[in-house]
Amino acid sequence: MTTMMKNPSPRRFVPNDFVLSPSPKAQSNVRLTSYVEDFEFTCHGIRGRYSGEINEVGKPHGNGSFVREKGGMTYIGEWRDGERIGNGGHYTNGRLLGNVVWE
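Below: a short report on this structure. Just so you know, these numbers come straight off a predicted model, no measurement behind them.

Topic: the packing of aromatic side chains
Counted according to the given criterion, the structure contains 6 aromatic pairs. On the basis of an interplanar angle of 65 degrees and a centroid distance of 6.3 Å, the ring pair of phenylalanine 66 and tryptophan 79 is categorised as edge-to-face. Taken together, the residues span a long stretch of sequence, with phenylalanine 66 in strand 3 (residues 60-68) and tryptophan 79 in strand 4 (residues 74-80) at a distance of 13 residues. Assigned by exposure class, phenylalanine 66 and tryptophan 79 land together as buried. Ring centres of tyrosine 75 and tryptophan 79 lie 5.6 Å apart, and the angle between their planes is 75 degrees; this geometry places the pair in the edge-to-face category. Through a chain of ring-to-ring contacts, the aromatic side chains of Phe41, Tyr50, Phe66, Tyr75 and Trp79 assemble into a single cluster. Arginine 84 extends its terminal NZ or CZ atom over the ring of tyrosine 75, reaching a point 5.7 Å from the ring centre.

Here we look at the nonpolar core
Of all hydrophobic cores here, the largest spans 8 residues; its members are Val36, Phe41, Cys43, Tyr50, Ile54, Phe66, Tyr75 and Trp79. Top element by residues in this core is strand 1 (residues 32-43). It accounts for 3 residues. In contact with valine 36, other than residues within four places in its own chain, are Tyr50, Ser51, Gly52 and Ile54.

Focus: the side chain of glutamate 78
Within the secondary structure, glutamate 78 is located in strand 4. Separated by 2.9 Å, the side chain of glutamate 78 and the backbone nitrogen of asparagine 87 make a polar contact.

Topic: empty space enclosed by the protein
Taken as a whole, this structure holds 2 cavities of 30 Å³ or more when the rule is applied. By volume, the largest cavity amounts to about 50 Å³. Looking at the lining of the largest cavity residue by residue, the class counts come to 5 nonpolar, 2 polar and 2 charged.

Scoring rules and cut-offs
Counting restarts for each chain: residues are numbered from 1 in the order of the written sequence. Reporting in this predicted model follows two pLDDT cut-offs: at least 70 for local features of residues, and 80 or more for side-chain atom pairs to be given and counted; totals over whole chains, interfaces and linings ignore these cut-offs and use all residues. The basis for the side-chain values is all heavy atoms of the structure; hydrogens and waters are excluded. Centres within 6.5 Å are what make two rings of Phe, Tyr or Trp a pair, Trp counting through its six-membered ring; a difference in plane orientation under 30 degrees is then read as stacked, over 60 as edge-to-face, and the rest as tilted. Helix and strand definitions follow DSSP, with helices as H or I runs of at least four residues and strands as E runs of at least two, each counted in order from the N terminus. The rule is simple: take the accessible area with a 1.4 Å probe, protein chains only, and divide by the maximum for that residue type; under 20% is buried, over 50% is exposed, in between is partly exposed. Distance and angle both matter: a charge sits over a ring if NZ of Lys or CZ of Arg is within 6 Å of the ring centre and within 35 degrees of the ring normal. What is meant by a nonpolar core is a set of buried Ala, Val, Leu, Ile, Met, Phe, Trp, Tyr and Cys residues, joined one to another through side-chain atoms within 4.5 Å. In what follows, residue pairs with any heavy atoms lying within 4.5 Å of each other are defined as contacts. Any N or O atom pair separated by 3.5 Å or less is treated as a polar contact, with the protein-specific requirement of one donor-capable and one acceptor-capable atom, and with residues adjacent in sequence counted only for side-chain atom pairs. Every definition here rests on a 1 Å grid over the protein atoms only: cavities are sets of points where a 1.4 Å probe fits but cannot get out, pockets are open sets enclosed by protein on both sides within 12 Å along at least five of seven lines, and lining residues have some atom within 4 Å of a point. Grid points are joined across faces, edges and corners, and a volume is the space filled by probe spheres set on the points. When residues are grouped by polarity, Ala, Val, Leu, Ile, Met, Phe, Trp, Tyr, Cys and Pro land in nonpolar, Asp, Glu, Lys and Arg in charged, and all others, Gly among them, in polar.

In structure tokens:
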């Protein structure tokens, strides 16, 4: 997924070379129902904005990105029921800081 904008913002940054494949860990009994853009969300006490797939109860579920309110660091990766799982990466100012694999 690549987003083109007139005024680039780290909130919307999705690198061209970052492609996610669904992992078996992303599977659950809650089904995907929607996609949100720039949704206010708190992940482990860290406030930010989430864009991506959500489940029927409104929690991040599937592929999505989370931009921290302070500092602007972005996590792009897999989610299940509001938790980061599987593969992902941390970015700042459009640069990859590191890949992560969540259990």
